[in-house]
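Structural features, examined
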Amino acid sequence: MAKGSSVLTPVVTVDRGSSQPLHSQVYRSLRNAISTGVLRPGQRVPSSRAMGIELNVSRITILEAYGQLLAEGYFKSSRGAGTFVSSSLPEYLTQVGRPVNGRTPRTSGPRPVARRALQFPTLPMTPWRYGLGAFAVHQPAFEEFPYAIWSRLVTHHSKDPNAHAIHCIDPLGSRRFREAICEYLRTARAVHCEPEQVMIVSGSQQALQITANVLFDPGDAVWMEEPGYLLARNVFTAAGCCQIPVPVDDQGLNVEVGVTRCPQARAAYVTPSHQYPLGSAMSAGRRLQLLNWAQRNGAWIIEDDYDSEYRFESAPISSLQGLDNERRVIYIGTFSKVLFASLRLGYIVVPPDLVERFSAVRHAMDIFPPYLFQEVIADFMREGHFARHIRRMRQLYSERRMVLVEQLRSTFGNTLEIHGAEAGMHLAVTFPAELDDVAIAERAAELGLWLFPLSGSYMTKNARKGLVLGYGNVAAQAIPGAVEKLRTAIASV
């Protein structure tokens, strides 16, 4: 292979029928690529030999073009390192999107988009959404993950991949992975499932998107927890659903209120094991009420079991799906909280009679999920690493939650009210209505704290003011200092 051939070759136009010399054509094409921002300052260009081979011209031709660009300062050359676009070009040559030939680029004619595209809410670039550390919501204890074991499994499946897995085009995903998930769900969550019912997805958002495509027509009513999970609301908004806010208390979704407001809703979306964001667990009575309502009205229940593994004062609560004898629950789970979010792996347990419809929608969206991490996690689970990791994290998060609660109570006394069962990776606090939780969250971000304002989780104007505090990714010894910063943020507002 020619030296420098690993460098990407820019598009260079060569017209052998032109009266203009080839080296001049190459020179002008490269200069134009720099002036339009196709080639950027500091970017390496192919060697003269590699460029000559790519364009099927002599190396001498390329050397002449490069020589002129070097002489004019467009290129810089370093012995042993190669040739690069100069990093000291005039500013007017490095501004991408500037006027062309002295004229501002203009668009003409209509530029229509689909009405359904306009239904997708834009994601606000809030300062607390992407921070890493205290008290970011949904972030696990990254430093405690067994990376050595994980790396060994990834290396094994990368070096010696299973041929069937490489060519797997099943919309449901890897059979081995689905079998491992079923074993886990049946044992730990009392979910009724077989591998044929499990669909692997890229997290809970895709699970909700597929579910919405299968279940809902525009205008269908859906019960939504109030307050509730914003990203789920966004999916159902884009699907054209009429969302019915149903209040949540310390027993979970208030089914009686839901029946009063919209008895004929097509579905209910719930987080019964650890409600987001208030953290309550749905009582047994409410669960049975919800299942009976769904059976009577031919409705569906979407159960988002996003961090059910972590209960600290009692054993994990059985899933709602495990109580469902009528197969009306679509069960959604994810590995984002127990492993890490960038895996983008979750699953749906689909009622048997809907598997064909879910598969058809999935096939139209992206055909099938990528295989590598499915195979890795299948072994991670089968070899017992998953169960051990959950046990370790359950103890760790319990300790962190205890420290956080103690610090909040000692710092704020009765000023803040703490909400949430002894479970999960977050808790919520509420405070007097005159305090602006958005302003507090913005001020906290300036101090290096990342927390969600509770009011953003409400659909109605009767929003309670408060904060959602994640404690998964903050060490116990760092919590007192973080709470002191929180006190400063609240005091400043």
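Scroll up a little and you will see the structure.
Residues numbered from 1 in each chain as written. Predicted model: local features only at pLDDT ≥ 70, side-chain atom pairs only at ≥ 80, totals over all residues. Heavy atoms only, no water.

1. Let's talk about the overall build of the protein
Per the secondary structure count, the protein includes 15 helices and 15 strands. On the principal axes, the C-alpha backbone points of the protein span a range of 85 × 55 × 55 Å. Counting over 493 residues, the protein shows a buried share of 50%. Sequence-distant contacts in the protein: of pairs separated by 6 or more residues, those separated by 24 or more amount to 72%. Counting 51 positive and 44 negative side-chain charges, the protein places the averaged centre of each group 9 Å from the other. (Helix = DSSP H or I, 4+ residues; strand = E, 2+ residues; numbered from the N terminus. Buried < 20%, exposed > 50% of the residue type's maximum accessible area, 1.4 Å probe, protein only. Contact = heavy atoms within 4.5 Å. Lys, Arg positive; Asp, Glu negative; His and termini not counted. Charge placed at Lys NZ, Arg CZ, Asp CG, Glu CD.)

2. What to know about the side chain of N473
If you trace the backbone, N473 turns up in the loop between strand 15 (466-470) and helix 15 (479-492). For N473, a relative accessible area of 15% gives the class buried. Among the polar contacts made by the side chain of N473, one reaches the side chain of Q139 at a distance of 3.2 Å. Among all residues touching N473, those that are not within four sequence positions of it are L132, G133, A134, Q139, P140, A141, F142, E143 and R400. (Polar contact = N/O pair within 3.5 Å; in protein donor to acceptor, adjacent residues only side chain to side chain.)

3. Re the nonpolar core
Membership of the largest hydrophobic core comes to 102 residues, with the highest contact counts inside it found for F135, F236, F335, L339, L408 and L469. At nine residues, helix 13 (residues 385-412) tops the list of elements feeding residues into this core. In this structure F236 touches L208, A212, F216, M224, C241, Q243, Y269 and I302, once residues within four positions along its chain are discounted. (Core = buried A, V, L, I, M, F, W, Y, C linked by side-chain atoms within 4.5 Å.)

4. Some remarks on the environment of A267
Structurally, A267 is set in strand 8 (residues 267-270). The class of A267 is buried, set by a relative accessible area of 0%. Residues A267 and A221 lie 46 residues apart in sequence; the distance between their C-alpha atoms is 7.1 Å. Excluding its chain neighbours within four sequence positions, the residues that come into contact with A267 are F216, A221, V222, W223, W293, A299 and W300.

5. Let's talk about the pairing of strand 3 (residues 82-85)
Side chains T83 and V85 project from strand 3 onto a buried face, and the interleaved G82 and F84 project onto a face without burial. Pairing geometry for strand 1 (residues 44-45) and strand 3, over two bridges, is antiparallel. By the bridge assignment, V45 is partnered in strand 3 with T83. One ladder, built from four bridges, connects strand 2 (residues 75-78) with strand 3; its direction is antiparallel. Its bridge partner lying in strand 3, S78 is registered against G82. Where strand 2 hands over to strand 3, the hairpin turn is made up of three residues, of which G80 adopts a positive phi near 85 degrees. (Pairing = 2+ DSSP bridges.)

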